[in-house]
Amino acid sequence: MAPRLQLEKAAWRWVETVKPEEIRQEHINLAYRINLPACKRGTCRRNCKGNPNCLVGIGEQAWLGEIDENAFHNIDDPNSERRDKNTFVGLTNLGATCYVNTFLQVWFHNLELRRSLYQCHNSRNSLVSSENYEPQSICEHLQYLFALLQNSNRKYIDPSGLVKALGLDTGQQQDAQEFSKLFLSLLEDTLSKQKNTNLQNVIQRQFCGQFSYVTVCNQCGRSSALPSRFYELELNIQGHKNLTECVTEFLKEEKLDGENRYFCESCQSKQNATRRIKLHSLPPTLNLQLMRFVFDRQTGHKKKLNTFISFPEQLDMGPFLEGKPCTISCVYELSAVLIHRGISAYSGHYIAHVKDARTGDWYKFNDEEIEKMEGKKLQLGIEEDIAETVKSQTRKPKCSKGYHCSRNAYMLVYKVQEEESSDISRTNVEVPAFLQRLVDQDNHKFEEWCSEMADMRKQSVDKGKAKHEEVKELYELLPAKDGEPYEFIPLEWLKKWLDDSTATKEIDNSLFLCSHGKLHPDKVAESKRVSLQAAQLLYERYSGGPRLDGSSLCRECVGQRCRVLRLKNQLNEDYKEVSNLVKRTLSGEGYWVGKASLRSWRQLALDQLEEDEHETKHSNGQTNGQGPHTNNKLSEGNEDDMKTFNEDIVCCHGTSLSILETERKLVSAEVWTKLRAYFPKAPEFTQNQEPCQQCLTLEQEEKDNEAVSKMMALDQKNQLLNLFHEKNRPTLTKWPQGTDVLYIVPLFFVDEWRKFIRRPTKSSPVSNVGNTLLLCPHGGFMFTYDSLINGDAQHIALLWPNEWEVISRLFIVDQPISIHCFKDTPPSGPTTQYTTQPDLCWECRESFLFQQQRDLREYTQATIYIRKVIEDKRMVKDAAPEMNASSSEAEEEKEEHPKVDGERDPDFSQIMHAFSVAPFDQNLSIDGKSLTDDSATLGSLGVIPESIICLKADEPIADYAAMDDVYQVRMPEEGFKGTGLLGH
């Protein structure tokens, strides 16, 4: 089928030969495209909107043929939420709680801890059958959570109960290592209150080891030991490659000398000494914290160390123990690796790799997702593919067999190696009955939900099948056959009827009506012609209206459109003829036409025709989704928003001919007759029409006023010729000879007076000198002789006494201001004194000077320039859009600092991101003076608006992750302040 515009032209091509009064039914059918051939399936890629008989591509493809039942619903299979056989249960990430989820999974897989927690006394056992049961204490929450992780039918569970009980902010990521310490401490304190003595020290039995700080005096050799317990070993990884090096450094000897000397009890004085840590005993579960997140003293924030560390699957701690019994095993097996993805300490994601104690299989726990590793081997995979920094990557070192390498592991969990045993009870942990009942209740809710979802899917499928049958039945009936009754249905309604994702509403044809209450010709493209039988069925099932059949074709709209189109076609011929007639010599009576109207009459006529056409459209003033017609095309040209032909020569009083003859042209009666046909309401002015008398009178008055202004300007210029040309002007730096007095007026007065003299007809005459601008409220002068010499003279103009006499005579003088020179010749030598009249007001003068100093220290919206000095004479790439390289091979950045007097230096973190120089590498100076005092104010450092601060970088920045950390941290770290982990 032809494009829509071609169909539109073809529908109205008959107007070229048919007048409005000659329209018959066949012409109306053409306008409404009744007889256009219907498109067949496969011939149109998409629906032909210009053809009301095209019923292809309106959404029927989805219903014709075989249909997949899944197309009838958007409900996921509830079984996708069901836990797979022989797999573990995940935990929902509540926003930024992945760090909590990783530790919960690690602790759940500690069978001794889980078994002990199940044995804890629960005072609410009697309520577990109630629907309203909610865990209260931390132990109860952990019990319930572990029971769900063990026996839930869900693929993942929600830990919000425990998170809420701890008072954690789900939207803020916290320090995972700190969370581990605080939670185990809280759990230990809670368990210590249990009546069962075996439960009181569960945490100590599982995680607690012993070491001591041993200090030896170098003078007397006395050794003192301070015993201590540990729940984890915090190992420094900076500068190390493997776990053995980290443990060795943890236990290495430290020298105490200088200010750190040790006070020896035997020597009774401070002595040089050595100190080291001695390991005495290790727990069954050994937690090794790799200190990836460290405090940067220069930035004041944490940063992440992306260092590769190698660690073994089997770790022999025997060589590190002192005085250990030979019967105790010191060989540990890797049971969990906790990973932090990301280069920054303040962002990223936490996951855990945990070994199943029963089967020896490794699993990756990533919140809701759980993945089993192949071959019972730990596979860190993509966690180690994250770049260390933006611009540098460290190549992963090769690992020996039985070892693993990671730059993202922040905690390693080792379990003591035990002899293989056939005792199943060691690896089996039974859920207590009272907890199992709670799990059964949750599983029952889950099964009910699955059943409900399945029913909803079935209902959607049944509904879809019924709709399928309806569409197949009705779509075959839709096409209207030639010569049979038909009706029009909106295209959009048909599309929504065939789109099962939207509810089918009643049929609404109200927007398709013309002002005569029938189908508007322009709306044919947005409707479809269907058979009367199909329309009857659709209205019976969905109702609506008004119904539009063959009698709804509007003869009036077609006739009006015919008239407009014929005039549009005739317009081009008339335009050519008028253009030729205007060029001929005028003979006989003529008519005045505005030149602007004559230049634009074709566009004005076209606008008028479109406006006439618009009147036949909807009463609400809308057609085809567009707003009412506005006559704005002319305003896009050189003419001023002219809406009516010939209005450009109507005077400002609105009734008579304009007096501006240059803006109008005399045309022949023949031309006016043709123009009048298009603009019957246009103002008509014959050749003998008199211009507006009021306008003539006002024009004469304006000419008289201009003549007076010119005479006044010429007179004032002749009397003050030197002042106008700025010749022979007195100066204060060299007092002129022959006078002891000079007069002062504001420079503003002189500038305005010169404007009037140069253009007396365009500028207003100056009448007042306005010397009060230079006086204070008390009537005193605001400037001294010295201040006028040193810069304040830019506000004033100096006059000779004879010039002042002329000024006083020609203008209103509110207050004379003069400066006098007194010369004296005493024996000590000649002296010169200067005074002003009026006298100087010292009080206001001091206030003025004070305000000037304050303005120099006003930093609100002030500009301070930063210039980076590059020593190697190489330009670097601009780091900010507003930076420009100067001729001194430096960079400048304009920054807005909203600082006021008394405030401290601005935050130069903006400099860091503009120049890629971290704060600890910035050396700032002004006029050779270093800016190092953080407590000083901008004013005390001499940094005033428009100052240039020099920036010199110590070295290129390599650690972009550290820079990112500094940029991200805007507020002081709160940590776990205010949470249940700290007893709140």
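Values in this document were obtained by computation on a predicted structure and should not be read as measured data.

J.: What exactly am I supposed to notice about the overall build of the chain here?
T.: For the chain, the helix and strand inventory stands at 24 helices and 38 strands. When each of the 984 residues of the chain is scored for burial, the buried share is 44%. The long-range fraction of contacts in the chain, counting pairs at least 24 apart against all pairs at least 6 apart in sequence, stands at 73%. Carbon together with sulfur atoms contributes 47% to the accessible area of the chain, which is approximately 53,700 Å² in total.

J.: So what exactly am I meant to see when it comes to the side chain of E803 here?
T.: If you trace the backbone, E803 turns up in helix α21 (residues 801-810). Assessed through its relative accessible area of 7%, E803 is described here as buried. For E803, the contacting residues outside a window of four places in its chain are L720, N722, L723 and R729.

J.: So what exactly am I meant to see when it comes to the packing of helix α11 (residues 433-477) against helix α13 (residues 532-542) here?
T.: Relative orientation and spacing of two packed helices are given, respectively, by the angle between their axes and the distance between those axes. One way to put it is that α11 packs onto α13 with a least axis distance of 8 Å and a crossing angle of 145 degrees. Note that α11 runs across α13; the crossing there is left-handed. Taking contact as the criterion, the partners of K467, E470, E473, L474 and L477 in α11 are, on α13, Q533, A534, L537, L538, R541 and Y542.

J.: Explain the packing of aromatic side chains to me, please; I cannot follow it from the model alone.
T.: Think of a pair of aromatic rings as described by two things: how far the centres are apart, and how the planes are tilted against each other in angle. Under the criterion given, the structure shown has 32 aromatic pairs. Here the aromatic rings of W107 and F183 are separated by 5.0 Å at their centres, their planes lie at 10 degrees, and the arrangement is stacked. Pair noted here: W107 is in helix α3 (residues 98-108) and F183 is in helix α7 (residues 176-191), with a separation of 76 residues, a long-range link. There is no split in this pair, since W107 and F183 are both buried. Plain terms: the ring middles of F724 and W753 are 6.2 Å apart, the flat faces sit at 85 degrees to each other, and that makes the pair edge-to-face. You can see F724 sitting in helix α18 (residues 721-725) and its partner W753 sitting in helix α19 (residues 747-758), a full 29 residues away along the chain. The pair formed by F724 and W753 is uniform in burial state, with each residue classed as buried. Each residue in the set Y99, F103, W107, F179, F183, F293, Y350 and Y410 is aromatic and connected to the rest through ring pairs, giving one cluster. Stacked on the ring of Y575, the Lys or Arg R602 has its end atom at 4.1 Å from the ring centre. A cation over an aromatic ring shows up here: R664 above the ring of W592, its NZ or CZ 4.5 Å from the ring centre.

J.: Which parts of the structure should I look at to understand the nonpolar core?
T.: One recurring pattern in soluble globular proteins is that nonpolar side chains are buried together. Counting residues in each nonpolar core, the largest one holds 60 residues, and the members touching the most others are W107, L117, L166, F179, F183, L187 and L338. Leave out the neighbours within four places in its chain, and L187 touches L113, L117, C139, L142 and I203. Among the nonpolar cores identified, the runner-up in size contains 36 residues, and L288, L321, L334 and M373 belong to it.

J.: Is there a simple way to think about the sheet that holds strand β32 (residues 831-837) in this case?
T.: Strand order in the open sheet made by the 4 strands is β30-β29-β31-β32, with antiparallel pairing throughout. Two strands lie at the open edges of the sheet, namely β30 (796-799) and β32, each paired on one side alone. The sheet shows a mean angle of 25 degrees between the axes of neighbouring strands, direction not considered. Looking at chain direction, strand β31 (residues 818-824) and β32 are connected through 7 bridges and run antiparallel. Bridge assignment links I819 to a residue of β32, and that residue is T836. Packed onto the sheet, α19 meets β29 (741-746) and β30 and runs at close to 70 degrees relative to β29.

J.: What is the right way to look at the state of the cysteines in this model?
T.: Here, the word disulfide means a covalent bond between the sulfur atoms of two cysteines. The final tally for this structure, using the stated rule, is 0 disulfides. Looking at C267, it has no disulfide partner, and the nearest cysteine sulfur is the one in C220, 3.7 Å off.

J.: Even after reading the chapter, I still don't get the environment of Y156, so can you show me in this structure?
T.: Relative to the elements of secondary structure, Y156 occurs in strand β2 (residues 156-157). A relative accessible area of 28% places Y156 in the partly exposed class. In sequence terms Y156 and V89 are 67 residues apart; their C-alpha atoms lie 5.0 Å from each other. A polar atom in the side chain of Y156 sits 2.7 Å from the side chain of E81.

J.: So what exactly am I meant to see when it comes to α3 here?
T.: Note that an α-helix has 3.6 residues per turn; residues three or four places apart therefore point the same way. The element α3 is largely enclosed, with a buried count of 11 among its 11 residues. Every buried residue of α3 is listed here: C98, Y99, V100, N101, T102, F103, L104, Q105, V106, W107 and F108.

J.: Could you clarify how one ought to interpret the confidence of the model for the chain in this entry?
T.: Any segment with low pLDDT has predicted coordinates that should not be analysed in fine detail. When pLDDT is averaged across the chain, the result is 79; 80% of the residues are at 70 or more. For the stretch residues 617-640, pLDDT sits under 50, and the model shows 39 contacts to residues farther than four places along the chain or on other chains. Confidence drops under a pLDDT of 50 for residues 872-908, and excluding neighbours within four residues, the segment shows 97 contacts in the predicted structure.

J.: How should I be thinking about the pairing of strand β9 (residues 273-281) in this particular structure?
T.: Two faces belong to every sheet, and in a regular strand the side chains alternate between them. Bridge count for strand β3 (residues 209-217) against β9 is 8 bridges, and the pairing is antiparallel. The residue of β9 that forms the bridge with V216 is T274. Alignment of strand β6 (residues 254-256) against β9, held across 3 bridges, turns out to be antiparallel. The partner of K255 across the bridge, within β9, is T274.

J.: Mind showing me how you'd approach the environment of Y542 here?
T.: Looking at where Y542 falls in the secondary structure, it is placed in helix α13. The exposure class of Y542 is buried, given its relative accessible area of 16%. In this view, Y542 contacts K467, E470, W493, W497, T504, K505, E506 and I507; residues no more than four positions away in its chain are not counted. At a separation of 3.3 Å, a polar atom in the side chain of Y542 contacts the side chain of W497.

J.: Mind showing me how you'd approach the sheet that holds strand β28 (residues 685-686) here?
T.: Sheet strands associate in pairs through backbone hydrogen bonding, adopting either a parallel or an antiparallel arrangement. Ordered in space as β27-β26-β28, the 3 strands form an open sheet in which the pairing is antiparallel. The open sheet has two edge strands with one neighbour each: β27 (664-668) and β28. Pairing of strand β26 (residues 590-594) with β27 involves 5 bridges; the strand directions are antiparallel. Bridge assignment links V593 to a residue of β27, and that residue is K665. Together, β26 and β27 form the strand contacts of helix α16 (residues 669-678), whose direction differs from that of β27 by roughly 100 degrees.

J.: I would appreciate a short explanation of the side chain of N646 in the present structure.
T.: With respect to the secondary-structure elements, N646 resides in the loop between α15 (595-614) and β27. Given a relative accessible area of 0%, N646 falls into the buried group. Beyond its immediate stretch of four places on either side in the chain, N646 contacts W592, V593, G594, S597, W672, P683 and F685.

J.: Would you explain the pattern of salt bridges in this entry?
T.: The tally for this structure, following the rule as stated, stands at 23 salt bridges. Taking the shortest distance from any N to any O, the salt bridge between K193 and D189 comes out at 3.8 Å. Using a relative accessible area of 64% as the deciding quantity, one classes K193 as exposed. Counted as one network, the salt bridges with shared partners bring together K181, E232 and E234.

J.: Hey, could you run me through unusual backbone geometry in this one?
T.: With glycine set apart, most residues show a phi of negative sign, and most peptide bonds adopt trans. Residue P546 is bonded to the preceding G545 through a cis peptide linkage, with omega at -10 degrees. Structurally, P546 can be placed in the loop between β24 (544-545) and β25 (548-549). Look at the link from Q837 to P838: it is a cis peptide, with omega at 5 degrees. Considering the arrangement of structural elements, one finds P838 in the loop between β32 and α22 (842-856). Phi is positive for E726, which is not a glycine, with a value near 55 degrees. Relative to the assigned elements, E726 resides in the loop between α18 and β29. Residue E726 is classed as exposed on the basis of its relative accessible area of 55%. Unusually for a residue other than glycine, N728 sits at a positive phi of about 55 degrees. A relative accessible area of 54% places N728 in the exposed class.

Rules and cut-offs
- Residues numbered from 1 in each chain as written.
- Predicted model: local features only at pLDDT ≥ 70, side-chain atom pairs only at ≥ 80, totals over all residues.
- Heavy atoms only, no water.
- Helix = DSSP H or I, 4+ residues; strand = E, 2+ residues; numbered from the N terminus.
- Buried < 20%, exposed > 50% of the residue type's maximum accessible area, 1.4 Å probe, protein only.
- Contact = heavy atoms within 4.5 Å.
- Areas by Shrake-Rupley, 256 points an atom, 1.4 Å probe, with all protein chains shown as cover.
- Axes fitted to C-alpha atoms, helices over the stretch in contact; angles between N-to-C directions.
- Left-handed = near helix turned anticlockwise from the far one by under 90°.
- Phe/Tyr/Trp six-rings, centres within 6.5 Å; stacked < 30°, edge-to-face > 60°.
- Lys NZ or Arg CZ within 6 Å of the ring centre and 35° of its normal.
- Core = buried A, V, L, I, M, F, W, Y, C linked by side-chain atoms within 4.5 Å.
- Pairing = 2+ DSSP bridges.
- Disulfide = S-S within 2.5 Å.
- Polar contact = N/O pair within 3.5 Å; in protein donor to acceptor, adjacent residues only side chain to side chain.
- pLDDT = per-residue confidence, 0-100.
- Salt bridge = Lys/Arg side-chain N within 4 Å of Asp/Glu carboxyl O.

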